[in-house]
Amino acid sequence: MCNTYAGKATHLYIVIIQLQINLLTMTDLTATPVLVTENWDEQKEKLKAKFSNLTDEDLDYEEGKRDEMLERVQIKIGKTRDELTAIIADL
């Protein structure tokens, strides 16, 4: 693949740039997206039943602000993004 020093350096540079982009956007390219579906009101009620410290305000979904809402929920229930994804998928 990269048999020359220049080729290896270029590959390393690309990997570093990709990591910087991930850090800047605080996303993981391998993460499964959390689906906020049409039945969000039903999912929201199930989440509140499962985690009594969640409020309607925590779970308020606004178009274009899904990630902010999910981060708020993650912090409040003390779960990682992957854990929250699994929880919502199981609802």
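Quick notes on the rules
Every chain is numbered independently, its residues counted from 1 as its sequence is written. Local features in a predicted model are, by the rule used here, given only for residues with pLDDT of at least 70; side-chain atom pairs are given and counted only at 80 or more, and totals for whole chains, interfaces and linings are based on all residues. Values reported for side chains reflect all heavy atoms of the structure, with hydrogen atoms and water molecules removed beforehand. Under the DSSP-based scheme used, a helix requires at least four consecutive residues in state H or I and a strand at least two consecutive residues in state E, with every element numbered from the N terminus. Remark: exposure states derive from per-residue accessible area (1.4 Å probe, protein chains only) relative to the maximum for the residue type, with buried under 20%, exposed over 50%, and partly exposed in between. For this analysis, residues touch if any pair of their heavy atoms sits within 4.5 Å. For the area figures, the Shrake-Rupley method with a 1.4 Å probe applies, and any residue is considered shielded solely by the protein chains shown. Think of a nonpolar core as a cluster: buried Ala, Val, Leu, Ile, Met, Phe, Trp, Tyr and Cys residues, connected wherever their side-chain atoms sit within 4.5 Å. The axes used here are C-alpha line fits, helices contributing only the stretch in contact, and every angle between their N-to-C directions lies in the interval 0 to 180 degrees. Angle categories: roughly parallel below 35 degrees, roughly antiparallel above 145, roughly perpendicular from 65 to 115, and oblique for all the rest. In this classification, Asp, Glu, Lys and Arg are treated as charged, Ala, Val, Leu, Ile, Met, Phe, Trp, Tyr, Cys and Pro as nonpolar, and every other residue, Gly included, as polar. Should a side-chain nitrogen of Lys or Arg be within 4 Å of a carboxyl oxygen of Asp or Glu, the pair is scored as a salt bridge. For a helix, the expected span equals 1.5 Å multiplied by the residue count minus one. What the arc describes is the spread of directions from the helix axis to the C-beta atoms.

Draft legend 1. The overall build of the protein, seen in detail. Scanning the protein from terminus to terminus reveals four helices and zero strands. Ordered by position from N to C terminus, the α and β elements of the protein give α-α-α-α. Taking all 91 residues of the protein together, the buried fraction comes to 22%. Within the protein, counting contacts between residues at least 6 apart in sequence, those at least 24 apart form 37% of the total. Accessible surface, the protein as shown: approximately 6,900 Å² in total, 56% of it carbon and sulfur.

Draft legend 2. Expanded view of the nonpolar core. Grouped together as the largest cluster of nonpolar side chains are 12 residues: Trp-40, Leu-47, Phe-51, Leu-54, Leu-59, Met-69, Leu-70, Val-73, Ile-77, Leu-84, Ile-87 and Ile-88. If you tally residues by element for this core, the top one is helix α3 (residues 66-77), at four residues.

Draft legend 3. Region of interest: the packing of α3 against helix α4 (residues 81-89). The contact between α3 and α4 brings their axes to 10 Å, and the two run at 100°. Classified by the angle between their axes, α3 and α4 sit roughly perpendicular to one another. Between α3 and α4, the contacting residues are Arg-66, Asp-67, Leu-70, Val-73, Gln-74 and Ile-77 on the first element and Arg-81, Leu-84, Ile-87 and Ile-88 on the second. Considering only residue class, the contact of α3 with α4 consists of six nonpolar, one polar and three charged.

Draft legend 4. Layout of the pattern of salt bridges. Across all of its chains, the model carries eight salt bridges by this definition. The partner of Lys-48 in a salt bridge is Glu-45, with the nearest N and O atoms 3.3 Å apart. Here Glu-45 and Lys-48 lie together in helix α2 (residues 40-50), a separation of three residues that amounts to about one turn. Here Glu-45 falls in the partly exposed class, since its relative accessible area comes to 42%. A salt bridge links Asp-56 to Lys-48, with the nearest nitrogen and oxygen atoms 2.5 Å apart. Connected through salt bridges with shared partners, the residues Glu-45, Lys-48 and Asp-56 form a single ionic network.

Draft legend 5. Spotlight on α3. Relative to the 16 Å expected for 12 residues at 1.5 Å per residue, α3 spans 17 Å between its end C-alpha atoms, a close match to the ideal helical length. By the burial criterion, the buried members of α3 are Met-69, Leu-70, Val-73, Gln-74 and Ile-77. For α3, the angular spread of the buried residues around the axis is 140°, confining them to a single face. Those residues of α3 that are buried are in contact with α2 and α4. Following α3 by one or two positions, Gly-78 has its phi on the positive side, about 70°.

Draft legend 6. Quick look at the side chain of Gln-74. Its location among the elements puts Gln-74 in helix α3. With sequence-adjacent residues up to four places away left out, Gln-74 is seen in contact with Lys-79, Thr-80, Arg-81 and Leu-84.

Draft legend 7. How the structure looks around the environment of Met-69. With respect to the helices and strands, the residue Met-69 is situated in helix α3. Along the primary structure Met-69 and Asp-58 are separated by 11 residues, whereas in three dimensions their C-alpha atoms are 6.7 Å apart.

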